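# Analysis of the macromolecular model
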Amino acid sequence: MIRITSIALTAAIYGYSADAAGCHPAFNGGTTYKSGDTVSATSTVETTTSCMCSDASCPNPNSQTTGCEVTTTTTEKHNYSCVEGPNSAFCSMSGFEPAGQYSSQAWTKESAVCSGVATITAAPILAAWQTDSGCPDAYVSGKAYGPDDTVSVGGPPVAVAAGGGPPVSVSLSTYCSYSSPGVMHNCPSIFPAQFTEAYTCDDGYHICCIASSPGSMVSNTGGETCTKDVAAMTSVVYECAATPNNLFCGMSGYEPGTGQYWENVWTLLGSCSGTISPTTSPAYTTLTDQNGCPDAWEAGVNKYKESDKVAKGGLVYQCNAFPYSGFCGQTGYEPNADDGTEFWKQAWTVIGYCSGTISPTQSPAFDSANSVGGCPDEWVSGVNTSYEEGDTVSITVSTTPERKIAYTCKAWPFSGFCGMFAPNSGLPDDQQGWTMIGNCDGTISPTQAPAFTSLPLVAGGCPTDYDENNLDGIEAGDQVSLLVSATTGDERRVVYECKAGAVAAYCTQKAFVPGGDFSSMAWTLKGYCDGTISPTQAPTAYTNTGGQTAPATCEVEAAAVTTINKCFYEKDVKTTGVSCTCSDSDCPNPNGQTTGCTKTTVETSCPSVDAYSSSATYEAGDVVRIGNARFKCKAWPHYLWCSNS
C-alpha cells in the first residue's frame with residue numbers, strides 16, 4: 001500500500017524556465033496560479049512489504065508466525081504544472097494543492113523525482129511599444145473605448161512576467177542574497193514573486209533581484225556589481241478590439257491583462273515609459289467642411305434618427321445607424337460630453353467641421369403634375385380610431401406662400417397610427433400610418449350624390465335600414481339597407497346581406513358594420529334599392545299534428561301501440577340489462593348459465609321534431625327545428641355544443 005501526503009508548502013515564484021531535474025519553487029497556498037505555472041511539492045511515500053515474523057525488524061504485535069508486514073516511509077519531491085482550461089481555476093484553491101486530495105483535477109505531476117534547484121532564466125522584457133513615444137492614457141474601468149484605442153496599465157516602476165502578464169508595481173530597492181557558487185536562489189518574498197527579475201552578481205555568490213532605478217547597475221552591500229543592466233519598465237500598452245467587440249473594452253471582467261476575458265477584446269502591444277507629448281491644436285485637414293452648423297444636441301427619446309446631424313465646438317456629428325441610433329438622444333450620449341465620458345462614440349461619428357449657421361431654405365416649390373387638387377382637412381391629433389383606411393389629410397409645410405402636402409391613411413392595422421402620429425412628425429411611427437399622395441391647393445370641392453350605375457338593382461324595394469343599436473336576431477341571409485346619400489328628394493341606399501356559416505355571428509356586432517373596415521367578413525354587398533319592400537302575408541303558424549299511426553320502422557312506438565307526431569325523426573335507443581332466455585342464440589351466455597341471462601337491445605324510436613331550446617340537453621342524432629328548418633345534432637365531439645346557446 002502506498003499513501004502520499006503533502007509536506008512542504010513554501011513561497012512560489014514563476015515566470016522562468018528550469019532544467020528537467022531541478023525543482024521549481026515550492027507551492028504556496030497564498031499565491032495565485034494560472035495555466036502553465038510550475039511548482040514543486042514534497043510528499044511521503046509509504047511502502048508496505050512482507051517480512052519474516054521472527055525478525056526483530058518485522059513488527060509482530062500479535063505474535064504471528066506468518067503474514068507479517070513492514071511499512072517503510074520515504075519522501076519524494078516532484079514538479080507539478082497547472083493544467084490548461086477551466087480547471088486551472090482550482091490551482092490556487094485549498095484542497096487542490098499538488099499532492100493533495102484533489103491534486104489531479106488541477107495539477108499535472110511529472111513522473112520523475114526532482115532534486116536541487118531549477119536553473120533560473122530571467123523573464124523576458126517586453127519590447128517597447130513605440131520607441132519615439134510615451135505611454136497612452138491609463139485604462140479607466142467603465143469608459144467607452146473605440147476600435148483600436150490604446151491604453152496603458154501600471155505605473156513606474158513595474159516588472160512584467162514572461163508572456164505578457166499584468167504589470168505590478170514594485171519597490172525601488174536593491175536586495176542581493178547569498179548563494180552557493182554558481183547557484184541562483186529564489187528572490188525574497190518582499191517582492192511580487194511572479195514579477196521578480198534575478199541576475200547573477202559578478203562574484204558568483206550573490207544575486208541582484210531588482211534594479212534601484214531604470215538603466216542602473218546595482219551593487220549589493222558587499223560591493224559586487226550585477227553583470228546585466230536591469231531596465232525597469234513603466235507600463236504595458238494594450239489595444240482595444242475592432243467593432244463590435246470594442247463595446248466590451250470598458251466593462252468589468254474585461255480589464256486589460258487582469259480581467260477574466262481580457263484576451264477576447266484587448267491585444268498586448270508592448271511596453272512604454274513616460275507620457276505622450278501633447279499635440280498642437282487640431283487642423284481639420286482630413287475633415288470635410290460642412291459649411292453652416294446644424295442645431296446643437298438636445299436630449300430626448302427618439303429625438304434623433306440615423307444620419308441626423310448636430311454641432312458642438314465647431315465639429316459636426318452624425319447619428320449612427322440602427323441600433324446605435326437609439327442612443328443618440330439619450331442622456332449620457334451627448335457628442336464629446338463635458339464630463340469626459342466617451343459613451344457618445346457608440347451613437348455619434350464626427351464627419352466634419354462647420355462655422356456659422358445653415359442658410360434658410362426657400363419655400364418649397366411643388367410639381368403641378370403631382371398635385372391632388374384641393375386640400376383635405378388639416379391633420380388633428382387623436383386616438384387610434386380617429387382616422388380610418390382611405391381618410392385623407394393635409395399638412396402645411398410653408399405659410400408664405402402657403403404650401404400643403406396631402407396624405408392618405410393606410411389600411412388596418414396601420415390605420416391605428418393615423419390619429420396618433422402626424423404624417424411629418426419626424427418620429428419613426430409617423431410613416432407607419434400615412435402615405436404621401438402629393439401636393440394640394442385650396443379646398444376639396446363638394447361631391448355630387450353618388451349614382452349607382454355599376455351596382456345592380458335589388459328588386460322588391462329596400463329592406464329595413466341597418467340600426468347598430470338593434471342588431472339582435474340578425475341571421476344568415478337577412479338583408480339590410482344602408483343610407484349613403486341623404487340629399488333631399490334623392491336619397492340613395494345600398495343593400496347588404498348577412499353571410500352564411502359561422503361568420504353570420506359577426507352580423508350582430510357593431511365592429512362589422514356594413515361598409516366599414518371589417519364589413520367584408522360579415523356582409524355581402526348585393527346592390528342598390530329603391531322604395532320599400534312590399535308587405536308579406538301573415539305567416540302561417542307551424543303545426544305538428546299528433547295522433548299519427550306509428551309505422552313499423554318506429555319499433556318502440558309500434559310495440560307499445562302508441563301514436564307519433566306528423567313531423568318526427570328516427571333515433572336508435574339502446575337498452576341494457578334486458579332479460580333473455582339463456583339457451584337462445586341471441587342471448588349472450590359465456591359462463592353456461594341456465595337462468596339470469598341479460599342482453600343489450602337497440603330499437604328505433606320516432607321522437608317529435610320540436611323547436612330548439614337552449615335550456616334542453618341534446619345528444620348526437622337529435623333533430624330540432626327553427627321555424628320550418630330542421631337541424632340535426634352532429635356526432636362526437638361536436639354534439640357537446642348542441643346545447644350551447
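Residues numbered from 1 in each chain as written. Predicted model: local features only at pLDDT ≥ 70, side-chain atom pairs only at ≥ 80, totals over all residues. Heavy atoms only, no water.

This part covers the overall build of the protein chain. Within the protein chain one finds four helices and 29 strands. Counted over contacts in the protein chain with a minimum sequence separation of 6, partners at least 24 positions apart contribute 58%. (Helix = DSSP H or I, 4+ residues; strand = E, 2+ residues; numbered from the N terminus. Contact = heavy atoms within 4.5 Å.)

Across the sheet, which stays open at both edges, the three strands sit in the order 27-28-29 with mixed pairing between neighbours. At either end of the open sheet lies a strand with only one pairing partner, and these are strand 27 (610-611) and strand 29 (629-632). One ladder, built from two bridges, connects strand 27 with strand 28 (residues 623-626); its direction is parallel. Within strand 28, the residue paired with Ala611 across the bridge is Arg625. (Pairing = 2+ DSSP bridges.)

In total, this model carries 11 salt bridges according to the counting rule given. Here Asp465 makes a salt bridge to Arg493, at a shortest N to O gap of 2.9 Å. In this pair, Asp465 is assigned in the loop between strand 19 (434-440) and strand 20 (479-485) and Arg493 in strand 21 (residues 492-498), connecting sequence segments 28 residues apart. Here Glu619 makes a salt bridge to Lys571, at a shortest N to O gap of 2.9 Å. Of this pair, Glu619 sits in the loop between strand 27 and strand 28 while Lys571 is found in strand 25 (residues 571-579), placing the two residues 48 residues apart along the sequence. Here Glu619 falls in the partly exposed class, since its relative accessible area comes to 42%. (Salt bridge = Lys/Arg side-chain N within 4 Å of Asp/Glu carboxyl O. Buried < 20%, exposed > 50% of the residue type's maximum accessible area, 1.4 Å probe, protein only.)

Bringing the packing of aromatic side chains into the picture now. If you walk through the whole model with that rule in mind, you get 21 aromatic pairs. An angle of 15 degrees between the planes, with centres 4.7 Å apart, marks the rings of Phe90 and Phe96 as stacked. In this structure Phe90 comes out as partly exposed when scored by relative accessible area, which is 28%. Since its relative accessible area comes to 16%, Phe96 is described here as buried. (Phe/Tyr/Trp six-rings, centres within 6.5 Å; stacked < 30°, edge-to-face > 60°.)

Further remarks concern the environment of Trp523. With respect to the helices and strands, the residue Trp523 is situated in strand 22 (residues 523-529). For the pair Trp523 and Phe512, spaced 11 residues apart in sequence, the C-alpha separation works out to 8.1 Å. Not counting residues up to four positions away in its chain, the partners in contact with Trp523 are Tyr466, Ile474, Asp478, Val480, Tyr496, Glu497, Cys498, Lys499, Cys507, Phe512, Val513 and Pro514. A distance of 3.0 Å separates a polar side-chain atom of Trp523 from the backbone oxygen of Phe512. (Polar contact = N/O pair within 3.5 Å; in protein donor to acceptor, adjacent residues only side chain to side chain.)

Its location among the elements puts Met521 in helix 3 (residues 519-522). Separated by 22 residues in the primary sequence, Met521 and Lys499 have C-alpha atoms spaced 8.2 Å apart. Apart from the residues lying within four places of it in its own chain, the contact partners of Met521 are Lys499, Val503, Tyr506 and Phe512.

A sheet is described by the order of its strands in space; here three strands give the open sequence 5-11-12, paired in antiparallel fashion. The open sheet terminates on both sides in strands that have one partner only, identified here as strand 5 (150-153) and strand 12 (266-272). Strand-to-strand twist of the sheet, defined as the mean angle between neighbouring strand axes without regard to direction, takes the value 30 degrees. Across six bridges, strand 11 (residues 235-240) lies against strand 12 in antiparallel orientation. When the sheet's bridge partners are listed, Cys240 is paired in strand 12 with Trp266. (Axes fitted to C-alpha atoms, helices over the stretch in contact; angles between N-to-C directions.)

Here the focus is the confidence of the model for the protein chain. Chain-level pLDDT for the protein chain is 75 on average; 75% of the residues reach the 70-or-more range. Long-range and interchain partners of residues 1-20, a stretch whose pLDDT sits below 50, account for 65 contacts in this model, where long-range means more than four residues apart. Every residue in residues 155-233 is under pLDDT 50, and counting partners more than four places away or in other chains gives 176 contacts. (pLDDT = per-residue confidence, 0-100.)

Before going further, it helps to examine the pairing of strand 3 (residues 69-82). Here strand 2 (residues 38-50) runs beside strand 3; their pairing, made up of 13 bridges, is antiparallel. By the bridge assignment for strand 3, Thr47 is matched with Thr72. One ladder, built from three bridges, connects strand 3 with strand 4 (residues 107-109); its direction is antiparallel. Within the sheet, the bridge partner assigned to Tyr80 lies in strand 4 and is Lys109.

With that out of the way, let us pick up the state of the cysteines. By definition, a disulfide links the sulfur atoms of two cysteines through a covalent bond. All chains considered together, the criterion is met by 15 disulfides. Residue Cys53 pairs covalently with Cys68 via a disulfide, S to S 2.0 Å. Of note, the bridge from Cys53 to Cys68 carries an S-S torsion of about 110 degrees and is right-handed in sense. Note that Cys53 is positioned in the loop between strand 2 and strand 3 and Cys68 in the loop between strand 2 and strand 3, a separation of 15 residues in sequence. With respect to class, Cys53 is no different from Cys68; both count as buried. There is a disulfide in this structure between Cys554 and Cys606, and the S-S distance comes to 1.9 Å. An S-S torsion of about -90 degrees defines the bridge between Cys554 and Cys606 as left-handed. (Disulfide = S-S within 2.5 Å.)

Taken together, the side chains of Trp636, Leu640 and Trp641 make up a nonpolar region of the molecular surface, amounting to roughly 430 Å² of accessible area. Looking at where Leu640 falls in the secondary structure, it is placed in the segment after strand 29. Leu640 sits in the partly exposed class, given a relative accessible area of 48%. (Patch = residues over 30% accessible without salt bridge, like charges linked within 9 Å, V, L, I, M, F, W, Y side chains within 5 Å. Areas by Shrake-Rupley, 256 points an atom, 1.4 Å probe, with all protein chains shown as cover.)

This paragraph deals with a negative patch on the surface. A grouping of Glu555, Glu570, Asp572 and Glu603 is seen on the molecular surface, where their side chains present a negatively charged patch. Assignment of secondary structure puts Glu570 in the loop between strand 24 (563-564) and strand 25. On the basis of relative accessible area, Glu570 is assigned to the partly exposed category, the value being 48%. (Lys, Arg positive; Asp, Glu negative; His and termini not counted. Charge placed at Lys NZ, Arg CZ, Asp CG, Glu CD.)

For residues besides glycine, phi is generally negative; the peptide bonds are generally trans as well. A cis amide bond links Thr243 with the next residue in sequence, Pro244, at an omega value of 5 degrees. Turning to its location among the elements, Pro244 is positioned in the loop between strand 11 and strand 12. The residue after Trp636, namely Pro637, is reached through a cis peptide bond having omega 5 degrees. In this model, Ser63 sits at a positive phi of 55 degrees, which is unusual for a non-glycine residue. Among the secondary structure elements, Ser63 is positioned in the loop between strand 2 and strand 3. The class for Ser63 is exposed, based on a relative accessible area of 61%. The phi angle at Ser307 is positive, at roughly 80 degrees, despite the residue not being glycine. Within the secondary structure, Ser307 is located in the loop between strand 13 (288-289) and strand 14 (309-312).

Structurally, Ser481 can be placed in strand 20. A relative accessible area of 1% places Ser481 in the buried class. There is a polar contact of 2.6 Å between the side chain of Ser481 and the side chain of Asp465. With residues up to four places along the chain from it excluded, the contact list for Ser481 reads Cys462, Pro463, Thr464, Asp465, Tyr466, Arg493, Val494, Val495 and Cys529.

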